[in-house]
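Spelled out, the chains give:
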Amino acid sequence: MPYGRQSIDQADIDAVVAVLESDWLTTGPAVDRFEEAAREVTGARHALACSNGTAGLHLATLALELGSGDALIVPTLTFLATANCARYVGAEVIFADVDPETALIEPHHLEEALARAGDLRPVAVAPVHFGGQVADLQGLSAVARTSGLHVMEDACHALGGTYTHDGKQVRVGACADSDLAVFSLHPVKTATMAEGGIVTTNDDRLAERVARLRTHGTIREPSGWSDRDQGFTDGMANAWYYEMPEVGLNYRASDLHCALGATQLSRLNHFVTRRAELVAAYDAALAPFSPAIRPVGRRPDQMPGWHLFIALIDFEALGTTRAAVMAALREEGIGTQVHYLPVHRQPYYRDRYGSLDLPGADAFYERCLSLPLFPGMEDDDVRRVVEALTRACGL
Ligand SMILES: *Cc1c(COP(=O)(O)O)cnc(C)c1O
């Protein structure tokens, strides 16, 4: 039993095969269909498919025009890509601490990170919806507004979740409190395209920039061209012409990937519901072992699209180590994972910014263990995992 795994059904397979038999393997109609489905499930005005979540984050930092001397504020408890996307565009990373129980960045962590900016110009913050729980976006965006920061959500964990905005439930990716949101559809995430990502935004200008930057920085629409001499003959658009006002990348998602993504999104509600049931089953099964083993802390007023089920375990008090517990579970065929070593502790960032004191992230990291969570699990699998875990912990 791995810690995460995709759910592929016959409709997914048929959709991919249909693309293989069609005229368009890329830049075709499956991309439009997928983007339409992505707009529907997020509620955003624009949804742009891209080659993976990391590419989506890179496109976001490019679209927001981060560059040398600028800084992106990133909670240190995240996957590498949240920080790396600043470095791709020459910007610096200011690592923020997180809550030791939820691993989420709180508004006071953002304020504290801003206070450490020194000579850097903080341009944006990238809240991470860790494990699927949504960070306090209203609180963070209030701080961002007063500090002139953009908000780009790293929503790679949180597809299909909802949270409360001004007393109403809004969907993650609707960008009610942000400029952009980025999703990953890697196989361990809630829905998959094998490799794929989505950038959502309600801002027409940002959407246009993301669309352009993901395909070499080119504009195909004649209305967007600035060079009339090269673009037109006798007032008619030249069929061969496209214009490149700035340098971009090839970060497109193919029709094969998008066809898979679209059938997966059609089952998103099922995936989210099943994951929530399994999380509730874990909560109940672990309750007798508190405080030595506890589920990750909860934020109120939301229905998370759970990506991970994380147990916080006091390995020291139990007289064991995480490595020993993981090895014992592996012996029983149960895969677990650690999300994540705080990114500021990676040698690259430690060499660049020195040792930082981010005690909330360290405290979370010391105790966290991600247990198997994927829609194909049976209720009985939860019982089996918890029994094996408690045995491995000597309980
Ligand atoms: C998975 C993930 C990414 C990167 O997504 P890819 O599709 O694997 O490139 C970025 N940020 C977080 C928090 C992730 O979990």
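Bear in mind the structure is a predicted one, so any value in this text is a computation, not a measurement. (Residues numbered from 1 in each chain as written. Predicted model: local features only at pLDDT ≥ 70, side-chain atom pairs only at ≥ 80, totals over all residues. Heavy atoms only, no water.)

## Remarks on the pattern of salt bridges
Spelled out, the test is: A carboxyl oxygen of Asp or Glu within 4 Å of a side-chain nitrogen of Lys or Arg is what we treat as a salt bridge. Strands here mean DSSP runs of E at least two residues long; helices mean DSSP runs of H or I at least four residues long; both are numbered from the N terminus. Note on classification: 1.4 Å probe, protein chains only; a residue is buried when its accessible area is under 20% of the maximum for its type, exposed when over 50%, partly exposed between these limits.
Evaluated as defined, the whole model comprises 22 salt bridges. E101 is the salt-bridge partner of R367, the closest N and O atoms lying 3.3 Å from each other. Here R367, found in helix 13 (residues 359-367), pairs with E101, found in the loop between strand 3 (92-96) and helix 5 (107-115); they are 266 residues apart in sequence, far enough to count as distant. Since its relative accessible area comes to 16%, R367 is described here as buried. E101 sits in the partly exposed class, given a relative accessible area of 26%. Connected via shared salt-bridge partners are E208, R209, R212 and E246.

## Digging into the nonpolar core
How we decide: Here, nonpolar core refers to any group of buried Ala, Val, Leu, Ile, Met, Phe, Trp, Tyr and Cys residues whose side-chain atoms link them within 4.5 Å. Either an automatic procedure or a domain database provided the assignment from which the domain bounds are taken. Every residue pair with non-hydrogen atoms within 4.5 Å of one another is taken to be in contact.
Among the nonpolar cores identified, the biggest contains 59 residues, and I73, L110, I293, I313, F364 and L389 are the most heavily contacted of them. Residue-level mapping places this core at the junction of two domains, with at least three residues from each of domain 1 (10-267) and domain 2 (269-392). With near-sequence residues (within four places) excluded, L110 lies in contact with I73, I105, V125, L140, V143, A144 and L149. C50, V74, A81 and V182 belong to the second largest nonpolar core, which has 35 residues in total.

## Concerning the site of the ligand
What counts, and what does not: One heavy atom within 4 Å of a molecule or strand is enough for the residue carrying it to be called near that molecule or strand. Identification of polar contacts relies on pairs of N or O atoms within 3.5 Å, with a donor-acceptor requirement for protein atoms, meaning one able to donate a hydrogen and the other able to accept it, and with residues adjacent in sequence counted only if both atoms are side-chain atoms. For accessible areas, the Shrake-Rupley method is used with a probe of radius 1.4 Å. Any residue's cover is judged against the shown protein chains and nothing else. Each residue receives one of three labels: charged for Asp, Glu, Lys and Arg, nonpolar for Ala, Val, Leu, Ile, Met, Phe, Trp, Tyr, Cys and Pro, and polar for the others, Gly being one of them.
Neighbouring the ligand are 15 residues; G53, T54, H157, S184 and K189 lie closest to it. Between an oxygen atom of the ligand and a main-chain N or O atom of G53, the distance comes to 2.8 Å. Contact distances for the ligand include 3.4 Å between an oxygen atom and a side-chain N or O atom of Y340. Relative to its free-state accessible area of 380 Å², the ligand is covered by the protein chains to the extent of 92%. Of all the secondary-structure elements, those providing two or more residues to the shell around the ligand are helix 3 (53-63) and helix 4 (80-88). With 3 residues, the top contributor of residues to the shell around the ligand is helix 3. When grouped by side-chain class, the residues that make up the shell around the ligand number 5 nonpolar, 8 polar and 2 charged.

## Describing the sheet that holds strand 2 (residues 70-75)
Sheet strands line up and pair through hydrogen bonds in the backbone, either parallel or antiparallel. Counted only if it meets this: Only strands that DSSP links by at least two bridges are regarded as paired with each other. Axes, fitted as lines to C-alpha atoms, cover a helix only where it is in contact. Angles between the N-to-C directions of the axes lie from 0 to 180 degrees.
Pairing in this open sheet of 7 strands is mixed, and the strands run 1-9-8-5-4-2-3 from one edge to the other. Edge positions in the sheet fall to strand 1 (46-50) and strand 3, since each of these pairs with one other strand and no more. On average, adjacent strands in this sheet sit at an angle of 30° to one another, irrespective of strand direction. Alignment of strand 2 against strand 4 (residues 121-125), held across 4 bridges, turns out to be parallel. By the bridge assignment, L72 is partnered in strand 4 with A124. Against the sheet, helix 7 (residues 204-213) contacts strand 1, strand 8 (180-184) and strand 9 (197-201), and its axis sits at roughly 15° relative to strand 1.

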